[in-house]
Amino acid sequence: MQTRLSSKLVKAAIIFSFGISATIATTTSAFAQTTPDAVYQGLGGKEGINKIVADFLPIVLADDRIKDTFKETDMERLGLMLAEQFCALTGGPCKYSGKDMQEAHKGMNINNAQFNALAEDLQIAMEKNNIPSSVSNKLVAKLAPMQRPIVTK
Ligand code: HEM
């Protein structure tokens, strides 16, 4: 009798604890779920992205590793296009209206080191705007597939 009762108690305890873990698992995954525009919001929306791009361009133009490439570039257009592209890429309410990446960088002979230099400058601009690395890394990760059409050397 004693053993049957305690085995019943053990069973009940197991079922109960399963219930708890299921609840915890559901709650945790509900928290972990992010909205499709989480990175856009993390960057501070349109205003935040404009600010990041405004800080990014002078950093690029001061970067000896890549600045010469931009000698004849209309920086105002580049800024507008980048802001639009970052907004669209991160789930914001924008449509990128510029050239595709292969077309935009055709004939520039961009190498991996230059690509990485530009990504690094963008990270610096985001740090300057106090964007947490959990967010800035996500934007950089979204840009990574562009290495293929941009890097031709
Ligand atoms: C993830 C990396 C990059 C992204 C997302 C990116 C994005 C863009 C965008 C959106 C444009 C504007 C296209 C348009 O005018 O319609 C552009 C143009 C340009 N990019 Fe990039 N780019 C990247 C890497 C680079 C690198 C590594 C260089 C050189 C070191 C570079 C040099 C340029 C130049 C010079 C232009 C202006 C072209 C022109 O004057 O028409 N880009 N890029």
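Everything below is about the structure shown above.
Residues numbered from 1 in each chain as written. Predicted model: local features only at pLDDT ≥ 70, side-chain atom pairs only at ≥ 80, totals over all residues. Heavy atoms only, no water.

Caption draft 1: View of the pattern of salt bridges. Tallying each qualifying case throughout the model produces seven salt bridges. Arg65 is the partner of Asp121 in a salt bridge, and the nearest nitrogen-oxygen pair spans 3.7 Å. One end of the pair, Asp121, is in helix H6 (residues 112–128); the other, Arg65, is in the loop between helix H3 (45–61) and helix H4 (75–89), with 56 residues separating them in the sequence. On the basis of relative accessibility, which here comes to 2%, the residue Asp121 falls in the buried class. (Salt bridge = Lys/Arg side-chain N within 4 Å of Asp/Glu carboxyl O. Helix = DSSP H or I, 4+ residues; strand = E, 2+ residues; numbered from the N terminus. Buried < 20%, exposed > 50% of the residue type's maximum accessible area, 1.4 Å probe, protein only.)

Caption draft 2: Representation of the nonpolar core. Of all hydrophobic cores here, the largest spans 30 residues; its most connected members are Leu43, Ile49, Phe86 and Leu122. When contributions to this core are tallied by element, the ones reaching two or more residues are helix H2 (38–42), H3, H4, H6 and helix H7 (133–143). Sorting elements by how many residues they give to this core places H3 first, with six residues. Once residues within four sequence positions are removed from consideration, Phe86 is found in contact with Ile49, Val53, Leu122, Leu139 and Leu143. (Core = buried A, V, L, I, M, F, W, Y, C linked by side-chain atoms within 4.5 Å. Contact = heavy atoms within 4.5 Å.)

Caption draft 3: The arrangement of the state of the cysteines in detail. Taken as a whole and assessed by the stated rule, the structure comprises one disulfide. Shown here is the disulfide that connects Cys87 with Cys94, its sulfur atoms set 1.9 Å apart. Of note, the bridge from Cys87 to Cys94 carries an S-S torsion of about 75 degrees and is right-handed in sense. Assessed through its relative accessible area of 23%, Cys94 is described here as partly exposed. (Disulfide = S-S within 2.5 Å.)

Caption draft 4: Quick look at the coordination of the iron atom of the ligand. A lone protein donor binds the iron atom of the ligand: His105 (NE2), at 2.0 Å. Its place among the elements puts His105 in the loop between helix H5 (101–104) and H6. (Donors = N, O, S within 2.8 Å, 3.2 Å for Na, K, Ca; no water.)

Caption draft 5: Examining H3 more closely. If you check H3, its first and last C-alpha atoms are 25 Å apart, about what 17 residues at 1.5 Å a residue would give, namely 24 Å. What H3 keeps buried is the set Gly45, Gly48, Ile49, Ile52, Val53, Asp55, Phe56, Leu57 and Val60. Close packing links the buried residues of H3 with H2, H4 and H6. (Expected span 1.5 Å × (residues − 1).)

Caption draft 6: Quick peek at the site of the ligand. Lining the immediate environment of the ligand, one finds 23 residues, of which Phe70, Arg77, Gln85, Lys99 and His105 sit closest. Here an oxygen atom of the ligand and a side-chain polar atom of Arg77 are 2.7 Å apart. In this structure, His105 approaches the ligand through a side-chain N or O atom, which is 2.9 Å from a nitrogen atom. Per-element tally for the shell around the ligand: the top contributor is H4, with five residues. Grouping the constituent residues of the shell around the ligand by class yields 15 nonpolar, six polar and two charged. (Near = heavy atom within 4 Å. Polar contact = N/O pair within 3.5 Å; in protein donor to acceptor, adjacent residues only side chain to side chain. Nonpolar A, V, L, I, M, F, W, Y, C, P; charged D, E, K, R; others polar.)

Caption draft 7: Local environment of unusual backbone geometry. Backbone geometry at Asn109 places phi at a positive 55 degrees, although glycine is not the residue there. At Asn130, a position not held by glycine, the phi torsion is positive, near 55 degrees. Secondary-structure assignment places Asn130 in the loop between H6 and H7. With relative accessibility at 68%, the residue Asn130 sits in the exposed group.

Caption draft 8: Region of interest: the side chain of Gln123. As for its placement among the helices and strands, Gln123 is situated in helix H6. By relative accessible area, which is 19% here, Gln123 ends up buried.

Caption draft 9: Just the packing of H3 against H6, in detail. Running from N to C, H3 and H6 cross one another at 135 degrees; their axes reach a closest spacing of 8 Å. What the angle tells us is that H3 and H6 run oblique. Pair H3 / H6 crosses with right-handed handedness. Touching Ile52, Asp55, Phe56, Ile59 and Val60 of H3 are Leu118, Asp121, Leu122, Ile124, Ala125, Met126 and Lys128, all from H6. Here the contact of H3 with H6 is built from residues that sort into nine nonpolar, no polar and three charged. (Axes fitted to C-alpha atoms, helices over the stretch in contact; angles between N-to-C directions. Parallel < 35°, antiparallel > 145°, perpendicular 65-115°, else oblique. Left-handed = near helix turned anticlockwise from the far one by under 90°.)

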